[in-house]
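Survey of secondary and tertiary structure
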Amino acid sequence: MNSPRNRNQGKGIMSIKSVALECTTDGHSKEYRMSLEAVGGGVFEVVALWGKIGTSLTRTVKFSGDEAKAEKTYQKILNGQLSKGYVIVGEKNDGQTAATTGTQAPAGTVRKVIARIPPMLCGPLQDRSELEPYLLNDRYVLEEKFNGTRKEVLKAGNVLTITNKRGQPTGKGMLPATQAEFLKVPFDFTVDTEDEPVGGGCVLLDILALRGKPRDQLSHAERRRVLEAFYKEGRFDAKVVRLAEEAVGQKAKRAFLKRMEAENAEGVIVKDNDVCYVGGEAGRNYQFKYKFQATASVIVAEVMVGGKRSIGMVLLDGGKTVSVGKCAIPVNKEIPAKGSIAEIRYLFAEGGSNKLNQPFYLGRRDDVDPKECKLSQLKYKPQPSGN
């Protein structure tokens, strides 16, 4: 099982050089970050992030191809930004990330830069046999899988930026008590969290930046140590913000797995101790989830089906939509709107009809793209073996 190791060790994705720029003239308050990365197989990418200072940044791959053209594109974009009034506030070469402070900008323009990174997603493990190799290998650790909402929390000064896993500002934000816990921390940071799971509060999953310095290029084991120190220094109220529990070593992982099953947890997450933070879909190749209960993100196709508090559900299969049945909405929950995404727990899907057996509505998902609502996510009822 290959993984992108710590980028500074030259494994996996390697940042060849990067630059951080800002424009604060004529009433502007903009930042632009760019990096030249070797992504493997002789392919080089120029990646840019930009936006208003202190907010989450938009990420775009500006070029993907051979090294010579990537270098040319990088320099052309850099020259273009400088001509627009941007100044360099940090620049690094030879596999290091862009500095967060520097001396090349005019006095008063240097600031700590923290950019949003897409959350590292998880690939599915379908059954216990697929989980077993990770229990045997001490390179991998286990964490509990939560059923809240994935949120990235970025603190810059006295401002919190809270985004879902799609990089969008969350509709509900965070509870005031949770925000207050993060705001009382006297320094800047970016953390990956699971907000409002069963049991309440907010769970710290990972740390991506601390005091203006990126931490995503560190291995998971190194980031975990930084996260634990951050949690201790932050003096969080454990009833509001807690640290995800982690099990290391075969014996501890098996005991943890047994306890999670006994406590009716949703499942466990497998993390590679050697891997850097691989944001977005690519993370599914290096971080995995094993669910004890089947859940699916579905598209709400109908509401008030038959005049009752229920929804009609569909999933995508290629270029068509496929009905997966109906689901009642509990009286203590708001009926989701047509076209929205709903999270459903179910026993299994029926072969042939694709209907979900014993569906239960968990809530809306504003962090899931409709394109992710695929039929392939379903677990089907095991078929009896032939004689």
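Details of the structure are given in the entry above.
Residues numbered from 1 in each chain as written. Predicted model: local features only at pLDDT ≥ 70, side-chain atom pairs only at ≥ 80, totals over all residues. Heavy atoms only, no water.

**Concerning the overall build of the protein chain**
Selection rule: Counting from the N terminus, the helices are the DSSP runs of H or I reaching at least four residues and the strands are the DSSP runs of E reaching at least two. Think of it in three bands: residues with accessible area under 20% of the maximum for their type are buried, residues over 50% are exposed, and the middle band is partly exposed, with areas taken using a 1.4 Å probe on protein chains only. Between two residues, a contact is recorded if the distance between any of their heavy atoms is within 4.5 Å. All accessible areas in this document rest on Shrake-Rupley with a 1.4 Å probe, and a residue is counted as covered only by the protein chains that are shown.
Each helix and strand counted, the protein chain has five helices and 23 strands in total. Put simply, the protein chain has 387 residues, and 51% of those count as buried. Within the protein chain, contacts between residues separated by at least 24 positions form 62% of all contacts whose residues are at least 6 apart in sequence. For the protein chain, the exposed surface amounts to about 18,600 Å²; the carbon and sulfur share of it is 50%.

**Considering helix 5 (residues 250-262)**
Basically, it comes down to this: An expected span of 1.5 Å times one less than the residue number is assigned to each helix.
If you check helix 5, its first and last C-alpha atoms are 18 Å apart, about what 13 residues at 1.5 Å a residue would give, namely 18 Å. Buried-residue contacts for helix 5 involve helix 2 (128-136), strand 7 (140-145), strand 14 (246-247) and strand 15 (267-272). The first or second residue beyond helix 5 is N264, which carries a positive phi of 55 degrees.

**A few points about unusual backbone geometry**
In this structure, N264 takes a positive phi of about 55 degrees despite not being glycine. Checked against the element boundaries, N264 lands in the loop between helix 5 and strand 15. Residue N354 is not a glycine yet carries a positive backbone phi of 65 degrees. Of note, N354 is situated in the loop between strand 21 (348-349) and strand 22 (356-357). When its relative accessible area of 13% is taken as the criterion, N354 is described as buried.

**Brief notes about the pairing of strand 19 (residues 320-328)**
To keep things clear, this is the line we draw: A pair of strands is treated as paired once DSSP finds two or more bridges between them.
Where strand 18 (residues 310-317) lies against strand 19, eight bridges are found, and the strand directions are antiparallel. Looking at the pairing, L316 lines up with T321 of strand 19. Count of turn residues in the strand 18/strand 19 antiparallel hairpin: two residues, of which G318 carries a positive phi of about 70 degrees.

**Considering the sheet that holds strand 23 (residues 360-364)**
Note the following rule: Convention adopted: a line fitted to C-alpha atoms gives each axis, helices being fitted over their contacting stretch, and angles between N-to-C directions are expressed from 0 to 180 degrees.
Strand order across the open sheet formed by five strands is 19-18-17-20-23, with antiparallel pairing between neighbours. At either end of the open sheet lies a strand with only one pairing partner, and these are strand 19 and strand 23. When strand polarity is set aside, the average angle formed by the axes of neighbouring strands in this sheet is 45 degrees. Of the pairings in the sheet, the one linking strand 17 (residues 294-303) to strand 18 comprises four bridges and is antiparallel in character. The partner of I299 across the bridge, within strand 18, is V314.

**Section: helix 3 (residues 176-183)**
Two residues of an α-helix separated by three or four positions point the same way, owing to the 3.6 residues in each turn. Short version of the rule: Here the arc refers to the set of directions running from the helix axis out to each C-beta atom.
Listed in full, the buried residues belonging to helix 3 are T178, E181 and F182. Here the buried residues of helix 3 occupy an arc of 95 degrees about the axis, which is enough to place them on one side. Among the structural elements, strand 8 (149-156), strand 9 (159-164), strand 10 (189-195), strand 11 (202-210) and strand 13 (241-243) are those in contact with the buried residues of helix 3.

**Section: the sheet that holds strand 7**
Whenever strands of a sheet pair, they do so through backbone hydrogen bonds, lying parallel or antiparallel. Strand order in the open sheet made by the five strands is 6-16-15-7-14, with mixed pairing throughout. Edge positions in the sheet fall to strand 6 (123-124) and strand 14, since each of these pairs with one other strand and no more. Where strand 7 and strand 15 come together, six bridges link them in antiparallel fashion. When the bridges of strand 15 are listed, K145 appears paired with G267.

**Thoughts on the packing of aromatic side chains**
Stated precisely, the cut-off is as follows: Pairing of aromatic side chains requires ring centres within 6.5 Å, counting the rings of Phe and Tyr and the six-membered ring of Trp. Pairs whose planes differ by under 30 degrees are stacked, by over 60 edge-to-face, and all others tilted. To sit over a ring, a charge needs its Lys NZ or Arg CZ within 6 Å of the ring centre and within 35 degrees of the ring normal.
On inspection of all chains with the given rule, the structure shows eleven aromatic pairs. Look at Y134 and F288: their rings are 5.1 Å apart centre to centre, the planes differ by 40 degrees, and that puts the pair in the tilted class. With Y134 in helix 2 and F288 in strand 16 (residues 288-291), this pair connects stretches of sequence that are 154 residues apart. Looking at Y134, the relative accessible area reads 8%, which means it is buried. Among the residues examined, F288 registers a relative accessible area of 12% and is labelled buried. Measuring from ring centre to ring centre gives 5.5 Å for Y231 and F236, while their planes differ by 15 degrees; the resulting arrangement is stacked. Each member of the pair, Y231 as well as F236, carries the same accessibility label: buried. A network of ring pairs unites the aromatic residues F182, F187, F189, F230, Y231 and F236 as a single cluster. Positioned above the aromatic ring of F187 is the side chain of R211, whose terminal nitrogen or guanidinium carbon lies 3.9 Å from the ring centre.

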